[in-house]
Amino acid sequence: MSILEIGGVPVDRIAEKCGTPVYVFDEAKIEKQLADYKRYFVSDMFDTDIVYASKAFTCRAMIQKLVEAGACIDVVSGGELFIAEQGGMPMENVYFHGNNKTGEELEQALDAGVGTIVLDNLTECGILADLAEHKRKRINAMLRINPGVEAHTHEYIMTGGSNSKFGISINEKDAIAELVKRAGESEYVDFKGFHSHIGSQIFEDTAFMKATEVLISFYAEMEREYGISCSWLSLGGGFGIRYTDADKPMSVEDMCRSLIGKCEDVLKKEGVSMEKIMIEPGRSIAGEAGYTLYTVGYQKTAGDRHYIFVDGGMGDNIRPALYQAEYDADIANRMGEEKEEEYYVAGKYCESGDILIKQIMLPKKIEKGDLLVIYSTGAYGYSMASCYNGIGRAPVVFAKDGKARTVLKRETYRDLVRLETDEEVNI
Ligand SMILES: *Cc1c(COP(=O)(O)O)cnc(C)c1O
């Protein structure tokens, strides 16, 4: 019987000092992923950037890791931009995405000196150009296009007319050319190239290879037919991670080598060049580095189910309820014990769907007070957390070399009422 350690810190110490539920990140794992992406996503033919998708998990401590590693960042709202700014991310390394950015958000981006706006449609392009001219601020722009390659975890399908809410379909060449022309009319908007993001939790390189080929060929065609020239290409994110044993992601090294090789081949084949190619990993940087610790409370047997209840649930991890995401877990103070009994791990929220894990083998005779750890909760856990049922958001602890520090505090009861007011609205 042993106790799980994260970053060299025994988790029972963290639970004792910080309470549960608590998210714990192994800092070294974040650093390793970033270093691997920086090391392997490189080419002699073009520059590269690693653009972390901050929606996976963001806060000052995380931004500092990105800055240290020389990574850039994706934001999708004024709020994420504000967090990046507060964390010290150089604004020229920010890419602002989103299918419905508001005028205020575009202004905020221009005022902050954001490097690049990833446009979604022609109207947005016009609004950005007008704002940039008005403010006399130069900004780079890219356009999100939908390459019609949809990744469904293990295979891809080609969809002629795509029904995604994001970007312009690759088939709408005239519309795309019109947008690039509109951007070109502005001396403040510098059109840099195309962006695509084909999905998430993709394990194999097939769909990425297909998308890369489609995108570069598309660009070559746009150059030939419309005289459009551009210098950047973003291949998006979505690199899969291991949540359970059923997930078999490629290593960062293999994925990067395979993507770089494909880019180089297709650029040569099409006879076009590219100044810079980017990828946007989110979960594959934060996901496996994160763990959630819970304390086991009561238990219940109902029909053929044996439930253990934990002190968190859908408020700190909505993914199982939202899209049947699966996770692996252990009893963190009884590591290495034989797993002889099947359990359902349920949360404490008032929803029948608040079940974190269905059918998992764990040691028998789990007791009230035991610590349950769920693995790979670093991405889309904290960032999707809510205070449903008046349960404040759990704190985030970073652990490294036997030391731990709280980087986000637990939301208190006071915090739950801090926005309440009785202000009159001046109609
Ligand atoms: C969500 C998203 C990503 C990151 O996806 P992951 O699955 O976390 O890697 C990258 N780019 C864009 C545009 C996204 O919307």
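Data block above holds the structure.
Residues numbered from 1 in each chain as written. Predicted model: local features only at pLDDT ≥ 70, side-chain atom pairs only at ≥ 80, totals over all residues. Heavy atoms only, no water.

**Description of helix H1 (residues 11-18)**
Part 1 of the argument: Residues Val11, Ile14 and Ala15 constitute the buried set of H1. One side of H1 carries all its buried residues, which in axial view fall inside an arc of 100°. Every exposed residue of H1 that faces more than 90 degrees away from the buried side is listed here: Glu16 and Lys17.
Part 2 of the argument: A positive backbone phi angle near 75° is found at Gly19, which sits one or two residues after H1. (Buried < 20%, exposed > 50% of the residue type's maximum accessible area, 1.4 Å probe, protein only. Helix = DSSP H or I, 4+ residues; strand = E, 2+ residues; numbered from the N terminus. Arc of directions from axis to C-beta.)

**Observations concerning the site of the ligand**
Part 1 of the argument: Near the ligand you find 16 residues, and of these Lys55, Ser200, Glu280, Arg283 and Tyr380 are the closest.
Part 2 of the argument: Between the ligand and Lys55 there is a distance of 2.7 Å, counted from an oxygen atom to a side-chain nitrogen or oxygen.
Part 3 of the argument: A distance of 2.8 Å separates an oxygen atom of the ligand from a polar backbone atom of Gly238.
Part 4 of the argument: When the free accessible area of the ligand is taken as 380 Å², the share hidden by the protein chains comes to 93%.
Part 5 of the argument: More than half of the atoms belonging to the ligand lie within 2 Å of the grid points that define the largest pocket.
Part 6 of the argument: Across the shell around the ligand, the residue classes break down as 4 nonpolar, 7 polar and 5 charged. (Near = heavy atom within 4 Å. Polar contact = N/O pair within 3.5 Å; in protein donor to acceptor, adjacent residues only side chain to side chain. Areas by Shrake-Rupley, 256 points an atom, 1.4 Å probe, with all protein chains shown as cover. 1 Å grid on protein atoms, 1.4 Å probe; cavity = no way out; pocket = protein on both sides within 12 Å on 5 of 7 lines; lining within 4 Å. Sits in = over half its atoms within 2 Å of the grid points. Nonpolar A, V, L, I, M, F, W, Y, C, P; charged D, E, K, R; others polar.)

**Things to note about the layout of surface pockets**
Part 1 of the argument: What the largest pocket holds in volume is close to 880 Å³.
Part 2 of the argument: In this structure, the largest pocket is lined by 40 residues; those nearest its centre are Lys55, Arg144, Phe166, His197 and Ser200.
Part 3 of the argument: Contributing elements (two or more residues each) for the lining of the largest pocket: strand S8 (139-146), strand S9 (149-152) and helix H10 (283-286).
Part 4 of the argument: Here the element with the most residues in the lining of the largest pocket is S9; it accounts for 4 residues.
Part 5 of the argument: When the residues that make up the lining of the largest pocket are grouped by side-chain class, the tally is 12 nonpolar, 20 polar and 8 charged. (Points joined across faces, edges and corners; volume = space filled by probe spheres on them.)

**Quick notes on the nonpolar core**
Part 1 of the argument: Counting residues in each nonpolar core, the largest one holds 94 residues, and the members touching the most others are Phe57 and Phe194.
Part 2 of the argument: Broken down by element, this core gets its largest block of residues, 10 residues, from helix H8 (residues 206-226).
Part 3 of the argument: Dropping the residues within four chain positions of it, Phe194 is found in contact with Met142, Leu143, Ile145, Ile176, Val180, Phe218, Tyr219, Cys230, Trp232, Leu233 and Ser234.
Part 4 of the argument: Core analysis: the second largest hydrophobic core is formed by 19 residues, Ile331, Leu356, Leu362 and Leu372 among them. (Core = buried A, V, L, I, M, F, W, Y, C linked by side-chain atoms within 4.5 Å. Contact = heavy atoms within 4.5 Å.)

**Topic: helix H5 (residues 103-112)**
Part 1 of the argument: Within H5 the residues assigned to the buried category are Glu105, Leu106, Ala109 and Leu110. In a view along the axis of H5, the buried residues occupy a sector of 140°, so they form one face of it.
Part 2 of the argument: Turning to H5, the residues buried within the fold contact helix H4 (78-86), strand S6 (94-96), strand S7 (116-119), helix H6 (122-135) and S8.

**Describing the pattern of salt bridges**
Part 1 of the argument: Under the criterion given, the structure shown has 25 salt bridges.
Part 2 of the argument: Of the charged contacts in the structure, one is a salt bridge between Asp49 and Lys276, with a shortest N-O distance of 2.9 Å. Of the two residues, Asp49 sits in strand S4 (residues 47-53) while Lys276 sits in strand S14 (residues 276-279), which places them 227 residues apart along the sequence.
Part 3 of the argument: Overall, the relative accessible area of 13% leaves Asp49 in the buried class.
Part 4 of the argument: Among the residues examined, Lys276 registers a relative accessible area of 13% and is labelled buried.
Part 5 of the argument: One salt bridge connects Arg242 with Asp328, and the closest N-O pair in it is separated by 3.9 Å. Placement of Arg242 in the loop between strand S13 (232-234) and helix H9 (252-270) and of Asp328 in the loop between helix H11 (319-323) and strand S17 (329-331) is noted, with a sequence separation of 86 residues between them.
Part 6 of the argument: A single salt-bridge network, built from bridges that share partners, covers Glu27, Glu31, Lys65, Lys400 and Arg405. (Salt bridge = Lys/Arg side-chain N within 4 Å of Asp/Glu carboxyl O.)

**A closer look at the environment of Ile6**
Part 1 of the argument: Along the chain, Ile6 turns up in strand S1 (residues 5-6).
Part 2 of the argument: Considered as a pair, Ile6 and Tyr40 are 34 residues apart in the sequence and their alpha carbons are 26 Å apart.

**Description of the pairing of strand S16 (residues 305-310)**
Part 1 of the argument: Two strands pair when backbone bridges link them, and strand S15 (residues 290-302) and S16 are joined in this way by 5 bridges, in the antiparallel orientation. The partner of Thr301 across the bridge, within S16, is His306.
Part 2 of the argument: Remark: 2 residues form the turn of the hairpin made by S15 and S16, two consecutive strands paired antiparallel; Gly303 in that turn has positive phi of roughly 60°.
Part 3 of the argument: Examined bridge by bridge, S16 and strand S18 (residues 341-346) share 3 bridges and lie parallel to one another. (Pairing = 2+ DSSP bridges.)

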